[in-house]
Structure formats: C-alpha cells, structure tokens
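Understanding the architecture of this molecule
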Amino acid sequence: MTPNTADIGAILISSRSLDEYRSMFDLSDDDLSRRILDYPAGAAGFTAVVNRLGGDVTACDTAYSDSDAEHLTVVAAAEAERGNRYIRDHAENYDWTFFADPDEHARVRRQAVRDFAEDIRRHPHRYVAGWLPSLPFPDAAFDLVLSSHLLFSYADRLDRTFHLDAIRELMRVARDELRIFPLVESGTSVLCPYLDELLTDLREHGIDGEVVEVDYRFQKGAHHMLVCRRTGFP
Ligand SMILES: C[S@@+](CC[C@H](N)C(=O)[O-])C[C@H]1O[C@@H](n2cnc3c(N)ncnc32)[C@H](O)[C@@H]1O
C-alpha cells in the first residue's frame, strides 16, 4: 500500500539534528558562520548546537506562540515518539543508511529535543513565534534561510498559492539564499505535483529556484533541495 500524508495526522513538530541539517541542506562550515533563519524550526536541535559552536541562528515557528518552554518541551518529546512510531510502522519507506535503524532515529531525535529544550530555556530570544506568509523580521535580516519539512512535505494541505507566498516571504528576509528540503510529500516518494508550475511562478517574481541533489538519505525519494536566489527580475 502506498502511504499518504494523512497517515501522519497533524503536522509533526519534529526535532532533526545538526547532522541531519548539514546533510539535507549541504551546509559547509562557511554556511554555518552566516546569519541563519530556521523556519519552521520546530523542536530541531540545529539552532541550539550551531549557536553553542559560535554561530548566529534564529529559530522561528508557529508552535512558539501558544506555549511556554516547559510545555513545548513536553509536546516536542511526545512528537518525537509519534514520529518514531510512524517511521517504525512504515520502515520499508525509509532508506536505513543515515540512521542504521529506528532505534538510532529515536536516539538522535530525543537528543535534539534535549538540545532544543535547554536552549529555549536559556536563550528564549532566539525562538521567535511566526507564521507564513508574514514573518516578524525586516527585509534581508538573514544571509541564509533554511526551511525543512513544511513546504512540499505537506503539499496535500498547503496549496500552490500558499507555497508561492511562503517562498516569496522567506526570500524577503533572506539576503542571499533560501534552501528548502525535501521536495516530496511526507510519507511518499512522490515529487510535489506542482513543483514545475511553482518554479515558473517564482521566476515571474524574480526568484530562480534550482533543484540540487544532496547526500541525505532517509525518506525514500527525498534527496533534493530547492535553492532559491534572486534573479533581479522583475
Ligand atoms: C515537521 S516540523 C519541521 C521542524 C524542523 N524543521 C525539523 O526538520 O525538525 C514542521 C513545523 O512546521 C510548523 N508549522 C509552520 N507553519 C505551520 C502551519 N501553517 N500549520 C502547521 N504547522 C506549521 C509546525 O509547528 C512544525 O514545528
């Protein structure tokens, strides 16, 4: 049976690690020294760990609006277990090379929740509530914007207009570049059905989207990111 996004239920507040971000977005050490926005950051450990290493990352997510750090930590821990149950139930749809098995996946995601929980308590100003398509940041506030597992992943419930508006807004706050991963819907290995039309829409708004293969291998078929840059047109 081909699973679909509906199997996963509500949009997961997931907690990927720095190593996953490096691999999904092909991030170099130089990239990690730039001013970075992670949207939607969920309960990822990326912001916590990069900032601990001397970086300058801001996390933004809708989820930060309605909860304090303690409650978010409880929710994030429960979401890591929900995500891991989904992976175990659909293990044949995943490539077990980045993670050796579902137990390793659980360990990595739980550690990311711990990193997130400690950081949001100690540095709450790094965790900003925000909704697409209108983010609470000035133009070009960041050098690099990273966006994982919302756009395209939930294309069954977020339509092409939402994607166009969302990408234009993420580009507004990006000085140089936006990277989005993956380009397939959650729980499937099928490319977002309106990717080509969206790339045409973006070009009409002066944004060039380049599909780039990356090393990350987990969800089968999900090994490309979209790199968006300004073309200067119109
Ligand atoms: C699957 S998580 C991805 C988190 C992180 N990037 C990662 O890879 O671990 C998706 C996130 O999108 C956020 N989100 C942003 N806009 C949303 C919307 N319109 N509806 C639901 N969730 C939304 C959720 O709060 C959630 O944290």
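For the structure itself, look to the data block above.
The text that follows walks through the structure, step by step, so that each part is easy to find.

About the cut-offs
Residues numbered from 1 in each chain as written. Predicted model: local features only at pLDDT ≥ 70, side-chain atom pairs only at ≥ 80, totals over all residues. Heavy atoms only, no water. 1 Å grid on protein atoms, 1.4 Å probe; cavity = no way out; pocket = protein on both sides within 12 Å on 5 of 7 lines; lining within 4 Å. Points joined across faces, edges and corners; volume = space filled by probe spheres on them. Nonpolar A, V, L, I, M, F, W, Y, C, P; charged D, E, K, R; others polar. Helix = DSSP H or I, 4+ residues; strand = E, 2+ residues; numbered from the N terminus. Axes fitted to C-alpha atoms, helices over the stretch in contact; angles between N-to-C directions. Parallel < 35°, antiparallel > 145°, perpendicular 65-115°, else oblique. Left-handed = near helix turned anticlockwise from the far one by under 90°. Contact = heavy atoms within 4.5 Å. Near = heavy atom within 4 Å. Polar contact = N/O pair within 3.5 Å; in protein donor to acceptor, adjacent residues only side chain to side chain.

Considering only enclosed or pocket space, the largest pocket measures out at about 330 Å³ in volume. Lining the largest pocket we find 23 residues, and of these Ile11, Pro40, Asp61, Thr62 and Leu150 sit closest to its centre. Split into classes, the residues belonging to the lining of the largest pocket amount to 15 nonpolar, 6 polar and 2 charged. Roughly 160 Å³ of volume is contained in the second largest pocket. Taken together, 13 residues line the second largest pocket, and the ones lying closest to its centre are Ser17, Leu18, Asp19, Val108 and Gln111. Broken down by element, the residue count for the lining of the second largest pocket peaks at 5 residues, all from helix H5 (residues 102-122). For the lining of the second largest pocket, the residue count by class is 7 nonpolar, 3 polar and 3 charged.

Viewed as axis vectors pointing N to C, helix H4 (residues 69-89) and H5 meet at an angle of 165°, and their least axial separation amounts to 10 Å. Considering their axes alone, H4 and H5 lie roughly antiparallel with respect to each other. For the crossing formed where H4 meets H5, the hand is right-handed. For the pair formed by H4 and H5, the contact residues are Ala69, Glu70, Leu72, Thr73, Ala76, Ala77, Ala80, Glu81, Gly83, Asn84, Ile87 and Arg88 on the first element and Pro102, Asp103, His105, Ala106, Arg109, Arg110, Val113, Phe116, Ala117, Ile120 and Arg121 on the second. Taken together, the residues that form the contact of H4 with H5 break down as 12 nonpolar, 4 polar and 7 charged.

With respect to spatial proximity, 18 residues lie near the ligand, and among them Leu12, Arg16, Pro40, Asp61 and Ser148 are the closest. Residue Arg16 places a side-chain N or O atom 2.9 Å away from an oxygen atom belonging to the ligand. One nitrogen or oxygen atom from the side chain of Ser148 is found 2.6 Å from an oxygen atom belonging to the ligand. Residue composition of the shell around the ligand, grouped by class: 10 nonpolar, 6 polar and 2 charged.

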